[in-house]
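In case you want the letters, here they are:
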Amino acid sequence: QVQPVESGGGLVQAGGPLRLSCAASGRTGSYTMGWFRQAPGKAREFVAAIRWRGGSTYYADSVKGRFTTSRDSAKNLVYMQMNSLKPEDTAVYYCAAGWVATPANQNQYDYWGQGTQVTVSS
């Protein structure tokens, strides 16, 4: 079992950077770690994902080129570096883990964190 715990959210001005972290307790070796977000009044959506084994990464078109996800296997940490933030990036960001065939499919993730708020001011 894996328990993701997010941190690093906060308030940032448009155009600025922010880095989220996800601490994943438990055995993560074969899992995929995903990042999702949910803005007020909207459905939760895929942002990015990384496979622990091999490190392949996946991104939503809306964040490609601005967000980068990475992992530190020794520390069992996953990061998401967010640059050039826009007001439309404002959302609660969730980290999730699971045996996933399709990284963008949130239904395939088994374990979810509580989320961290990211607010981008214009």
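The structure contained in this document is the topic of the report that follows. (Residues numbered from 1 in each chain as written. Predicted model: local features only at pLDDT ≥ 70, side-chain atom pairs only at ≥ 80, totals over all residues. Heavy atoms only, no water.)

1. Side note on the overall build of the chain
In step 1: The secondary structure content of the chain amounts to 0 helices and 11 strands.
In step 2: In terms of overall dimensions, the chain is globule-like: its C-alpha atoms have a radius of gyration of 13 Å, near the 14 Å expected for 122 residues.
In step 3: The C-alpha extent of the chain, read off along each of the three principal axes, is 40 × 30 × 25 Å.
In step 4: A buried classification covers 44% of the 122 residues belonging to the chain. (Helix = DSSP H or I, 4+ residues; strand = E, 2+ residues; numbered from the N terminus. Rg over C-alpha atoms; globule rule 2.2 N^0.38 Å. Buried < 20%, exposed > 50% of the residue type's maximum accessible area, 1.4 Å probe, protein only.)

2. Considering the sheet that holds strand 8 (residues 77-82)
In step 1: Sheet architecture is open: 4 strands sit in the order 1-3-8-7, paired in antiparallel fashion. Each end of this open sheet is capped by a strand with a single partner; those strands are strand 1 (3-7) and strand 7 (67-72). In this sheet, adjacent strand axes meet at a mean angle of 20° when their direction is disregarded.
In step 2: By the bridge criterion, 6 bridges tie strand 3 (residues 18-25) to strand 8 in an arrangement that is antiparallel. Pairing of Leu-18 across the sheet is with Met-82, part of strand 8. (Pairing = 2+ DSSP bridges. Axes fitted to C-alpha atoms, helices over the stretch in contact; angles between N-to-C directions.)

3. Some thoughts on the pattern of salt bridges
In step 1: Scanning the entire structure with this criterion turns up 4 salt bridges.
In step 2: Arg-37 is the partner of Glu-45 in a salt bridge, and the nearest nitrogen-oxygen pair spans 2.7 Å.
In step 3: The exposure class of Glu-45 is partly exposed, given its relative accessible area of 36%.
In step 4: Between Asp-61 and Lys-64 there is a salt bridge whose closest N-O contact spans 3.1 Å. Assigned by exposure class, Asp-61 and Lys-64 land together as exposed.
In step 5: Residues joined in a network through salt bridges with shared partners are Arg-37, Glu-45, Arg-66 and Asp-89. (Salt bridge = Lys/Arg side-chain N within 4 Å of Asp/Glu carboxyl O.)

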